[in-house]
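# Observations on chain architecture
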Amino acid sequence: MAEVLEVTDSNFETEIIKSDKPAMVDFWAAWCGPCKMVAPVVKELAEEYGDRVTIGKCNVDQNPVTPSRYGIRSIPTLIVFKDGQVVEQIIGAVPRDNIEAALQKVL
Amino acid sequence: MDSVESVDYELVVIGGGPAGLTAGIYAARSRLKVLLLEKVVPGGQILTTDWIENYPGFPEGLSGYDLARKIADQTARFDVSIETGEALSIECKGPVKRLILKDRTISTHTVIIATGASPNRLSVPGEETYLGKGVSFCATCDGPFYRDKIVAVMGGGDTAVQEGIFLTKFAEKVYIIHRRKELRATKILQERAFKNPKIEFIWDSVVTKIDGNDSVEKLLIKNVKTGSISELSVDGLFIFVGTHPNTDFLCEEIKTDERGFIIADKNMETSVPGVYAVGDVRDTPLRQVVTAVGDAAIAAFSAEQYVENLKL
């Protein structure tokens, strides 16, 4: 069991990029309806995969630097990282299976 | 009939938008054994609508998200099983319908299809490349990324005009590009758009190409009357050019119109007895939350009668 990590502009580098563990970050904001659809799915995935993959969420309102570094102009956007590199990027609310398939690539 | 064949459910509702959730409420209150299947989580297309002010009972209006949540909360008060899953196909032959999912098959006497519709793509060069990098189908999601920027909206219906007005909260300028000289949108929305100093209309025109570097920088626009091509510098393009029904899983016995929307009668019954279609997926003159939930109440009532008749 693992919680969804609060990813910020200040901890992104250490927790995601320089981490030995692969990671998935959910870029979201309070004003985005579909983001709220994805959030419970991300939480479930953290519980299931959290020991092997860092599962995080990044509020784009409070953390403008990280989303713009990845050119994010649509949310929800999920990015899967391994060794600091983007492995997969999912835009929009999609079924759990699609997100799991992306995670499988880094397991 | 000696006995009714045993099934997993008396009714399966496919889709958890306003129509599907309402069908769940009505069916549960009729004491039908009902399952609601939803692909992601309940909500539907209205989750992307910034503000709904034509659904009665909410005098000040409310956000699409709030309305979706209220309908979902109301459904949760009744005895509706809600599961995450996607119907890959339906077997419609015979009195028992079978829904084929990835990992199981569900048998049921009746099915209400409430799978809704998805936004149409423009199918022009650059659309796929710049998806999430300036091309968007959701103004409420992505509008705030365009503070003091210039954006374009393609479309002339309710969604295009409403979301165009919404975008003026953030963007410095909003072009609304429409292939005709007149909007299809509701008059009150048209009046607001015409009065808004940030909105400029580009009539009789379509986007033929989306271009840029890391993100969208310009659009090629063709005037459909004169054939002339021009370039428009924008930071983003929001596309609202109608919808197509989510019907990949239908059996061939279910009749659809030429655009693929499901044809249903006044009881919401399709060409297959015991299978109903409601909301945006149905061939209907108006696609609104208020019409979708009305469809759903009728369909649940029809399904109840169908199940009752099996027991006679």
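Residues numbered from 1 in each chain as written. Chains lettered and ligands numbered in written order. Predicted model: local features only at pLDDT ≥ 70, side-chain atom pairs only at ≥ 80, totals over all residues. Heavy atoms only, no water.

## Side note on the interface of chain A and chain B
Each side of the interface is counted separately: chain A has 18 residues, and chain B has 22 residues. Between chain A and chain B the total buried area reaches about 1800 Å² when both faces are included, carbon and sulfur atoms providing 64% of it. The salt bridge partner of Asp97(A) is Lys102(B), with a shortest N-O separation of 2.8 Å. Applying the counting criterion to the chain A and chain B interface returns seven residue pairs in polar contact (both at pLDDT 80 or more). (Contact = heavy atoms within 4.5 Å. Buried area = accessible area lost by both parts, 1.4 Å probe. Salt bridge = Lys/Arg side-chain N within 4 Å of Asp/Glu carboxyl O. Polar contact = N/O pair within 3.5 Å; in protein donor to acceptor, adjacent residues only side chain to side chain.)

## Some remarks on the domain arrangement of chain B
Residues and elements named next belong to chain B. Under the domain assignment used here, chain B contains domain 1 (9-118 + 243-311) and domain 2 (121-239). Here the C-alpha centroids of domain 1 and domain 2 sit 32 Å apart. Across the contact, seven residues belong to domain 1 and seven residues belong to domain 2. Together, the buried faces of domain 1 and domain 2 total about 540 Å²; carbon and sulfur atoms form 37% of this surface. Summed over the three residues of domain 1 that lose the most area to domain 2, namely Thr48, Asp50 and Glu53, the buried surface amounts to 76% of that side. Counting across the domain 1 and domain 2 interface gives one salt bridge. Note that glutamate 53 is salt-bridged to arginine 192, the shortest N-O span being 2.7 Å. Run the count over domain 1 and domain 2 and you get four residue pairs in polar contact (both at pLDDT 80 or more). (Domains from an automatic or database assignment.)

## Thoughts on the pairing of strand S3 (residues 81-84) of chain B
Residues and elements named next belong to chain B. Bridge count for strand S2 (residues 34-38) against S3 is four bridges, and the pairing is parallel. Paired with leucine 37 across the two strands is glutamate 83, which belongs to S3. Each parallel crossover has a hand, and for S2 linked through helix H2 (residues 64-76) to S3 it is right-handed. (Pairing = 2+ DSSP bridges. Helix = DSSP H or I, 4+ residues; strand = E, 2+ residues; numbered from the N terminus. Right-handed = clockwise from strand over helix to strand, strands pointing away.)

## Focus on the environment of Leu232(B)
Residue and element names in this part refer to chain B. Assignment of secondary structure puts leucine 232 in strand S14 (residues 229-233). The exposure class assigned to leucine 232 is buried, which follows from its relative accessible area of 11%. Linking leucine 232 and alanine 152, residues 80 residues apart in sequence, is a C-alpha distance of 9.0 Å. Excluding residues that lie within four positions of it along the chain, leucine 232 makes contacts with Tyr175, Ile177, Ile202, Glu217, Lys218, Leu219 and Ile221. (Buried < 20%, exposed > 50% of the residue type's maximum accessible area, 1.4 Å probe, protein only.)

## Notes on the state of the cysteines
Throughout the structure, instances matching the rule amount to three disulfides over all chains. For Cys32(A), the disulfide goes to Cys35(A), at an S-S distance of 2.2 Å. Sign of the S-S torsion, about 90° for the bond between Cys32(A) and Cys35(A), identifies this disulfide as right-handed. Disulfide partner of Cys138(B): Cys141(B), at an S-S distance of 2.2 Å. Its torsion about the S-S bond being 70°, the disulfide of Cys138(B) and Cys141(B) is classed as right-handed. Cys141(B) shares its class with Cys138(B); the two are buried. (Disulfide = S-S within 2.5 Å.)

## Here we look at the layout of surface pockets
The computed volume of the second largest pocket comes to approximately 310 Å³. Forming the walls of the second largest pocket are 13 residues, and the residues nearest its centre are Asp97(A), Thr84(B), Gly85(B), Glu86(B) and Lys102(B). Among the elements that take part in the lining of the second largest pocket, helix H4 (residues 96-104) of chain A stands out by supplying three residues, more than any other. Looking at the lining of the second largest pocket residue by residue, the classes come out as three nonpolar, three polar and seven charged. (1 Å grid on protein atoms, 1.4 Å probe; cavity = no way out; pocket = protein on both sides within 12 Å on 5 of 7 lines; lining within 4 Å. Points joined across faces, edges and corners; volume = space filled by probe spheres on them. Nonpolar A, V, L, I, M, F, W, Y, C, P; charged D, E, K, R; others polar.)

## Digging into the packing of aromatic side chains
Any aromatic ring pair is given by two values, namely how distant the centres are and how the planes are angled relative to each other. Under the definition given, this model contains 10 aromatic pairs over all chains. When the centroid spacing of 6.1 Å and the interplanar angle of 80° are considered together, the rings of Trp31(A) and Phe145(B) count as edge-to-face. With Trp31(A) in the loop between strand S2 (23-28) and helix H2 (33-49) and Phe145(B) in the loop between helix H3 (139-142) and strand S9 (150-154), the pair connects residues from two separate chains. Among the residues examined, Trp31(A) registers a relative accessible area of 27% and is labelled partly exposed. On the basis of relative accessibility, which here comes to 18%, the residue Phe145(B) falls in the buried class. Ring centres of Phe166(B) and Phe170(B) lie 5.4 Å apart, and the angle between their planes is 70°; this geometry places the pair in the edge-to-face category. In this structure, Phe166(B) and Phe170(B) share a single accessibility class: buried. In this structure, Lys33(B) packs its charged tip against the face of Tyr9(B), placed 5.0 Å from the ring centre. (Phe/Tyr/Trp six-rings, centres within 6.5 Å; stacked < 30°, edge-to-face > 60°. Lys NZ or Arg CZ within 6 Å of the ring centre and 35° of its normal.)

## Digging into the environment of Tyr26(B)
Residues and elements named next belong to chain B. Structurally, tyrosine 26 is set in helix H1 (residues 18-29). With a relative accessible area of 43%, tyrosine 26 lands in the partly exposed category. If sequence neighbours within four positions are ignored, tyrosine 26 has contacts with Ala297 and Ala300.

## Side note on the packing of H1(B) against H2(B)
All names here are of chain B. Here H1 crosses H2 at 20°, and the two axes come no closer than 9 Å. Viewed along their axes, H1 and H2 adopt a mutual orientation that is roughly parallel. Where H1 crosses over H2, the handedness of that crossing is left-handed. Every residue of H2 that contacts H1 at Pro18, Leu21, Thr22 and Ile25 is listed here: Ala68, Ile71, Ala72, Gln74 and Thr75. (Axes fitted to C-alpha atoms, helices over the stretch in contact; angles between N-to-C directions. Parallel < 35°, antiparallel > 145°, perpendicular 65-115°, else oblique. Left-handed = near helix turned anticlockwise from the far one by under 90°.)

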